[in-house]
Amino acid sequence: MWYEGQSRATWWERGVIYQVYPRSFQDSDSDGVGDLAGIESRLDYLAELGIDAIWLSPIYPSPMADFGYDVADYCGIDSMFGDLAGFDRLLAAVHARGLKLLLDFVPNHSSDQHPWFIESRVSRDNPKRDWYIWREPAPDGGPPNNWISDFGGSSWEWDDTTSQYYLHAFLKSQPDLNWRNPNLRDAMMAVLRFWLDRGVDGFRIDVLWHIIKDADLPDNPINAAWTPGLTQRDRLIQLHSTDQPEAHAIAAEFRDLADSYGDRVLIGEICLPDDRLARWYGTMDRPQVHLPVNFHLVESAWNAASLKRMIADYEASLPSWGWPNWVHGSHDARRIAARVGEAQARVAAMLLLTLRGTPTLFQGDEIGIGEVTIPPDRVRDPQDLRQPGLGIGRDRSRTPIPWDASAYAGFSSVDPWLPLNDDWRVRNVATQLRDSSSLLSLYRSLLALRRSHHALSIGDFTLIDSAHDVLAYVRRHSGECLLIAMNLSDQTQPLSLSQSLTQSLPKDSRRVEVLSSTLLPSTVVPSTLLHRPLDEPLAPNEGLVLRLKEIH
Ligand code: GLC
């Protein structure tokens, strides 16, 4: 047992998830693209980093039009990544290190190269016809409604063979599956069982809130707030194409299945405001996903006031049975270090790993990869290629992991599919492992701290009043009380804790123990017993985890 007296908390509540983007983690066969054997060869790094579970972005056979999110076979492995035997080896190696492995399940759409779609488009009476969403043209011959693809352009593609349109929320090579068809549903449940039977510990479910559409496919309302700087998708409000009541019933079915396998987790990718996001937990009697992904740290303005408000609102929106979760980077989002800068990336590390809820850390953020400029001739992201100039390119977050300063950063022995970060010769894993002041060392020490102080993983959470540019909260568990205080500015800031907090502390708490500091090397904290006065101001960009004594 991980700790005593808390059998209620599961591994996915206590643990930290690490997202691996397989194309860019480690290449083992010199094709410039990462693969499963490469991931296996780097598992010790992940185990020593101190994470608990690995989520792999898609590894299934795919034409790679959307880099794996266009699946041509849900029960196989793309030869670029390896094969099923290699997957089983990886899974066993992950489990041997006491880690969990999650796959990416992509139920909203398949590739147009999936045998199901190839059959579906052959004739109107093909048995697989209704596995996708086919419609007659509008009376003027145009698309059946006004829906816009998330990657730009109409969501409908004309197909000459049978003279109908099919729906695609993303690329036209990613036709949407029809979850109103019971046979399709059965086939997809069988896919989940296929991987669960093999021993995977759960799934991240791609664009779950898209999974089913209003049966009548009405036009979506126009978004009056749209401006030309926004994407084409934002011209409409996705009222009828996403977040339908029936989608929640499907999520509950997924949950039933996952629960029938025991300790597995379902993480739903859902981009919705708090009130609608919280509904994806389902009810106590009929739960849906364990973790509806909370993207607020990716979206929030980076200042103490906005973060405080966002955290309070999110916490308040959760049902009593809903466990929170946090993420500040992904293969879709801009790198956190590019967004907030080098100094605040350290504060972001502390925030991600000390908030209440399961954190997901995206590969490369632990070494602070910042903005990577992708030369125009190397852009690969279909979203960027279709809507250039909007600054929405995703390649800049998908560049290969620089492992060391050797050729191609130890990622590959050939030029990788995407360029490396410009500063890879100095910003790489090996260099940062040797440097106790590096961001990687800070991540490692924070992960270790989280593991040894249950207050940080499963403790209660209370935001507290503090100076304007300071974000502060208390985590409590089993008599331990930790204060986390972070200076979001580059100026010295008083802590200005609320009187109610300071008064509740015994007199000797005016000197408190420092468990972690964003400004001190990991060789100093937490290995050395350091104290500081509680009323000492925070240095610029300083974040602290402090141990307070509590009155009982
Ligand atoms: C999700 C994935 C993204 C992909 C899209 C379509 O948002 O994270 O990478 O392009 O779904 O599958």
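A quick note: this is a predicted structure, and the numbers were derived from the prediction, not measured.

Asks: How do you make sense of the overall build of the protein chain when you look at a structure like this?
Replies: From N to C terminus, the protein chain includes 17 helices and 17 strands. Compactness check: the protein chain gives a C-alpha radius of gyration of 24 Å against a globular reference of 24 Å for 552 residues, within 12% of the reference. Projecting the C-alpha coordinates of the protein chain onto the three principal axes gives extents of approximately 80 × 50 × 50 Å. Looking at the protein chain residue by residue over its 552 residues, the buried ones come to 62%. For the protein chain, long-range pairs separated by at least 24 residues make up 69% of all intrachain contacts whose partners lie at least 6 apart in sequence.

Asks: Looking at this structure, how should I read the side chain of threonine 162?
Replies: If you trace the backbone, threonine 162 turns up in the loop between strand S5 (156-159) and strand S6 (164-167). Residue contacts for threonine 162: discarding those within four places in its chain leaves Arg121, Val122, Ser123, Arg124, Arg129 and Trp134.

Asks: I tried to follow the sheet that holds strand S16 (residues 530-533) on my own but got confused; where do I start?
Replies: Consider a sheet: its strands pair through backbone hydrogen bonds, and that pairing is either parallel or antiparallel. Taking strand neighbours across the sheet as the criterion, the six strands line up as S12-S13-S14-S17-S15-S16 in an open arrangement whose pairing is antiparallel. Across the chains shown, the open sheet's two edge strands, defined by having one partner strand only, are strand S12 (460-463) and S16. The sheet shows a mean angle of 35° between the axes of neighbouring strands, taken without regard to direction. Sheet analysis places S12 next to strand S13 (residues 470-477), joined by four bridges and oriented antiparallel. The residue of S13 that forms the bridge with threonine 462 is valine 474. Lying on the sheet, helix H12 (residues 342-354) is in contact with S13, strand S14 (480-487), strand S15 (511-517) and strand S17 (543-548); it crosses S14 at an angle near 150°. Sheet contacts for helix H15 (residues 439-452): S15 and S17; angle to S15, the most-contacted strand, approximately 125°.

Asks: How should helix H10 (residues 304-317) be read in this particular structure?
Replies: Think of an α-helix as turning once every 3.6 residues; residues three or four places apart then point the same way. Look at H10: 20 Å from first C-alpha to last across 14 residues, which is about the 20 Å you get at 1.5 Å a residue. Residues Ala304, Ser306, Leu307, Lys308, Met310, Ile311, Tyr314 and Glu315 constitute the buried set of H10. If you follow the buried residues of H10, they end up packed against helix H8 (274-278), helix H9 (296-299), strand S10 (325-327), H12, S12 and S13. A distance of 3.3 Å separates the backbone nitrogen of alanine 305 from a side-chain oxygen at the start of H10, and that oxygen is part of asparagine 303.

Asks: Honestly, the nonpolar core in this entry has me stumped. Any pointers?
Replies: Most often, soluble globular proteins have nonpolar side chains that are buried together. By size, the foremost hydrophobic cluster in this structure holds 142 residues, and its most contacted members are Leu46, Ile54, Leu56, Phe87, Phe203, Phe254 and Leu351. Element by element, the count of residues in this core is highest for helix H6 (residues 182-198), at eight residues. Once you skip the residues sitting within four places of it in the chain, phenylalanine 203 turns out to touch Leu102, Leu103, Phe105, Leu192, Trp195, Leu196, Val265, Leu266 and Ile267.

Asks: Looking at this structure, I do not really get the environment of proline 61. What am I missing?
Replies: For proline 61, the position within the fold is in the loop between strand S2 (53-56) and helix H4 (84-96). Assessed through its relative accessible area of 19%, proline 61 is described here as buried. Distance in space between the C-alpha atoms of proline 61 and glycine 82 is 10.0 Å, their sequence separation being 21 residues. Discounting chain neighbours no more than four positions away, the residues touching proline 61 are Asp70, Val71, Ala72, Asp73, Gly76, Ile77 and Asp78.

Asks: Looking at this model, I keep getting lost on the packing of aromatic side chains. Mind explaining?
Replies: We describe a pair of aromatic rings using the distance from one ring centre to the other and the angle between the two ring planes. Applying the stated rule across the entire model yields 20 aromatic pairs. Ring plane angle 75° and centroid distance 5.1 Å describe the contact between phenylalanine 87 and tryptophan 195, whose orientation is recorded as edge-to-face. Of the two residues, phenylalanine 87 sits in helix H4 while tryptophan 195 sits in helix H6, which places them 108 residues apart along the sequence. The exposure class of tryptophan 195 is buried, given its relative accessible area of 1%. An angle of 45° between the planes, with centres 4.9 Å apart, marks the rings of phenylalanine 461 and tyrosine 473 as tilted. Placement of the pair is phenylalanine 461 in strand S12 and tyrosine 473 in strand S13, with a sequence separation of twelve residues. We classify phenylalanine 461 as buried; its relative accessible area is 16%. Cation over ring: arginine 129 sits above tryptophan 134, and NZ or CZ is 3.7 Å from the ring centre.

Asks: Teacher, can you tell me more about the site of the ligand here?
Replies: By nearness alone, 13 residues border the ligand, and Asp66, His109, Asp206, His331 and Asp332 come closest of all. Aspartate 66 is positioned with one of its side-chain polar atoms (N or O) 2.6 Å from an oxygen atom of the ligand. Coverage of the ligand by the protein amounts to 95% of the 310 Å² it exposes when considered alone. Considering only residue class, the shell around the ligand consists of four nonpolar, two polar and seven charged.

Asks: Just to check I follow, could you spell out the pattern of salt bridges for this structure?
Replies: Two side chains that carry opposite charge are able to pair once their charged atoms sit near each other. The final tally for this structure, using the stated rule, is 32 salt bridges. Of the charged contacts, one joins arginine 124 and glutamate 136 as a salt bridge, the two residues approaching to 2.6 Å between their closest N and O atoms. Here the residue arginine 124 occupies a position in the loop between helix H5 (115-120) and strand S4 (134-135), and glutamate 136 occupies one in the loop between S4 and S5, the gap between them amounting to twelve residues. On the accessibility criterion, arginine 124 (42% relative accessible area) is partly exposed. For arginine 356, the salt bridge identified is with glutamate 315, shortest N-O distance 3.0 Å. Linking arginine 356 in the loop between H12 and strand S11 (358-362) with glutamate 315 in helix H10, this pair joins segments that are 41 residues apart in sequence.

Asks: For this particular structure, what's the right way to read unusual backbone geometry?
Replies: The phi torsion of most residues other than glycine is negative, and most of the peptide bonds are trans. Here alanine 409, not a glycine, exhibits a phi torsion of approximately 60°, which is positive. In the Ramachandran plot, serine 496 falls in the positive-phi region, its phi being about 45° despite a non-glycine side chain. By relative accessible area, serine 496 is classed as partly exposed at 43%.

Asks: How should I be thinking about H15 in this particular structure?
Replies: Spanning 14 residues, H15 covers 20 Å between terminal C-alpha atoms, matching the ideal 20 Å at 1.5 Å per step. Of the residues making up H15, those classed as buried are Leu439, Leu440, Ser441, Leu442, Tyr443, Ser445, Leu446, Leu447, Leu449 and Arg450.

What counts, and where the lines are drawn
Residues numbered from 1 in each chain as written. Predicted model: local features only at pLDDT ≥ 70, side-chain atom pairs only at ≥ 80, totals over all residues. Heavy atoms only, no water. Helix = DSSP H or I, 4+ residues; strand = E, 2+ residues; numbered from the N terminus. Rg over C-alpha atoms; globule rule 2.2 N^0.38 Å. Buried < 20%, exposed > 50% of the residue type's maximum accessible area, 1.4 Å probe, protein only. Contact = heavy atoms within 4.5 Å. Pairing = 2+ DSSP bridges. Axes fitted to C-alpha atoms, helices over the stretch in contact; angles between N-to-C directions. Expected span 1.5 Å × (residues − 1). Polar contact = N/O pair within 3.5 Å; in protein donor to acceptor, adjacent residues only side chain to side chain. Core = buried A, V, L, I, M, F, W, Y, C linked by side-chain atoms within 4.5 Å. Phe/Tyr/Trp six-rings, centres within 6.5 Å; stacked < 30°, edge-to-face > 60°. Lys NZ or Arg CZ within 6 Å of the ring centre and 35° of its normal. Near = heavy atom within 4 Å. Areas by Shrake-Rupley, 256 points an atom, 1.4 Å probe, with all protein chains shown as cover. Nonpolar A, V, L, I, M, F, W, Y, C, P; charged D, E, K, R; others polar. Salt bridge = Lys/Arg side-chain N within 4 Å of Asp/Glu carboxyl O.

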